[in-house]
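# A structural walkthrough
Chain by chain, the residues run as shown.
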Amino acid sequence: MNHAAGSPRPAPDLNRSAVARYLQLATLFRHRVEQGAWPAGKQIPTVDELAAECGVARATIRQALDQLAQEGLIERFRAKGTFVRATPPDRLWCDVETDWNGLLRSREGAEIEILSDHPNQDGSVAPVHAGQPAPSYRHLRRRHWRNGQPFLLADVWMDDRLSAKVTAEDLVTKTSLKLVAGLPGITIAEARQTLTIGSADVETAAALQLPLNAPVAHVHRTAMDADGTTLLIANGIYRGDMVRIDVKLR
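Looking only at helices and strands, the protein chain features seven helices and 11 strands. Across the protein chain, every contact between residues at least 6 apart in sequence was considered, and the portion connecting residues at least 24 apart equals 60%. Here the protein chain displays about 14000 Å² of accessible surface, and carbon together with sulfur accounts for 49% of that area.

A word on the packing of helix 1 (residues 21-34) against helix 2 (residues 47-54). Between helix 1 and helix 2, the shortest axis-to-axis distance is 13 Å and the interhelical angle comes to 115°. As summarised for this structure, helix 1 and helix 2 are arranged roughly perpendicular, according to the angle between their axes. The crossing of helix 1 and helix 2 is right-handed. Along its contact with helix 1, which presents Leu25, Phe29 and Arg32, the element helix 2 presents Leu50, Glu53 and Cys54.

Let's shift gears to helix 2. If you check which residues of helix 2 are buried, you get Leu50, Ala51, Glu53 and Cys54. Take helix 2 and look down its axis: the buried residues cluster within an arc of 165°, on one side only. The inward-facing, buried residues of helix 2 abut helix 1 and helix 3 (58-70). The positive-phi residue at the C-terminal boundary of helix 2 is Gly55, with phi of around 70°.

Moving on, we come to the pattern of salt bridges. Applying the stated criterion across every chain, the model contains 11 salt bridges. Here Arg161 and Asp159 are joined by a salt bridge, their closest N and O atoms 2.8 Å apart. Judged by its relative accessible area of 54%, Arg161 is exposed. Residue classification places Asp159 among the buried residues on the basis of a relative accessible area of 2%. Within this structure, Arg141, Asp155 and Glu203 form a network of salt bridges that share partners.

Glancing now at the packing of helix 1 against helix 3. For any two helices packed against each other, the geometry comes down to the angle between their axes and how far apart the axes lie. Where helix 1 meets helix 3, the axes come as close as 8 Å, and the angle between the chain directions of the two elements is 50°. Considering the angle they form, helix 1 stands oblique to helix 3. As helix 1 runs across helix 3, the sense of the crossing is right-handed. Across the interface between the two elements, Arg21, Tyr22, Leu23, Leu25, Ala26, Phe29, Arg30 and Val33 from helix 1 touch Thr60, Ile61, Gln63, Ala64, Leu65, Gln67 and Leu68 from helix 3. Residue composition of the contact of helix 1 with helix 3, by class: 10 nonpolar, three polar and two charged.

On to the pairing of strand 1 (residues 74-77). Examined bridge by bridge, strand 1 and strand 2 (residues 81-84) share four bridges and lie antiparallel to one another. Considered in strand 2, the bridge of Glu75 is made with Phe83. Where strand 1 folds back on strand 2, the antiparallel hairpin that results is connected by three residues, among which Ala79 adopts a positive phi of roughly 70°.

So, on to the environment of Leu231. Take Leu231: it is sitting in strand 10 (residues 229-239). For the pair formed by Leu231 and Gly131, sequence separation is 100 residues and the distance between their alpha carbons is 9.4 Å. Contacts of Leu231, omitting those with residues within four sequence positions, involve Tyr137, Trp157, Met158, Asp159, Leu162, Val180, Ile186, Ile188, Ala223, Met224 and Asp225.

In this model helix 1 runs 20 Å from its N-terminal to its C-terminal C-alpha over 14 residues, within 8% of the 20 Å that 1.5 Å per residue would give. Every buried residue belonging to helix 1 is among Leu23, Gln24, Leu25, Ala26, Phe29, Arg30, Arg32 and Val33, and all of these are buried. At the C-terminal side of helix 1, Gly36 shows a positive phi close to 85°.

What counts and what doesn't
- Residues numbered from 1 in each chain as written.
- Predicted model: local features only at pLDDT ≥ 70, side-chain atom pairs only at ≥ 80, totals over all residues.
- Heavy atoms only, no water.
- Helix = DSSP H or I, 4+ residues; strand = E, 2+ residues; numbered from the N terminus.
- Contact = heavy atoms within 4.5 Å.
- Areas by Shrake-Rupley, 256 points an atom, 1.4 Å probe, with all protein chains shown as cover.
- Axes fitted to C-alpha atoms, helices over the stretch in contact; angles between N-to-C directions.
- Parallel < 35°, antiparallel > 145°, perpendicular 65-115°, else oblique.
- Left-handed = near helix turned anticlockwise from the far one by under 90°.
- Buried < 20%, exposed > 50% of the residue type's maximum accessible area, 1.4 Å probe, protein only.
- Arc of directions from axis to C-beta.
- Salt bridge = Lys/Arg side-chain N within 4 Å of Asp/Glu carboxyl O.
- Nonpolar A, V, L, I, M, F, W, Y, C, P; charged D, E, K, R; others polar.
- Pairing = 2+ DSSP bridges.
- Expected span 1.5 Å × (residues − 1).

Have a look at this one:
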């Protein structure tokens, strides 16, 4: 039930998760900024007021606000208080495309970093969930950046027989599906995409510069040829605070 306008907010239940309380509160406060409950340019409640509202120690509130300050969402001024930035930083929306043409389109302003590149990986160990595995795969781990911030960590498994047709420039400029879809003589007969929501583990949090257990979107893509061989598997992890899914319903 919604609380009446002007009445005190109910204290959030912070015991429902093993995530540290300050991280839970940072997520709550971030949402208030992004949704306009704490408007740009306006002062937010004091540490004492937030501690009373949330039923936690003032040190916990300070830790949560430190997260928002590091993200550039709030600014602290001595003897004045804490204010939402008048011009919050660009959230770098990253659209997860839902049509074929969109999936092949390169992301404007994005840079791709190759973290690892391992050819000749046995096809039996590749994460093939549909179709038949290729004899071997080239396994790439790539990190995508824009405006100096990472937004996507991706593991790409590509049929090793296609490697000779893929240039070094392709690897740092093309989306995963375009790596194989644009190759001469290659026809993609079937492609699938699955999206699930999760939280960042230690490795993902470090790679995407996120707090531990921050929300992320897992996107699994596969592409198969007419014979049912899986030419490509791409497992991408997007920052939850930068991803957007826009589907035209009609």
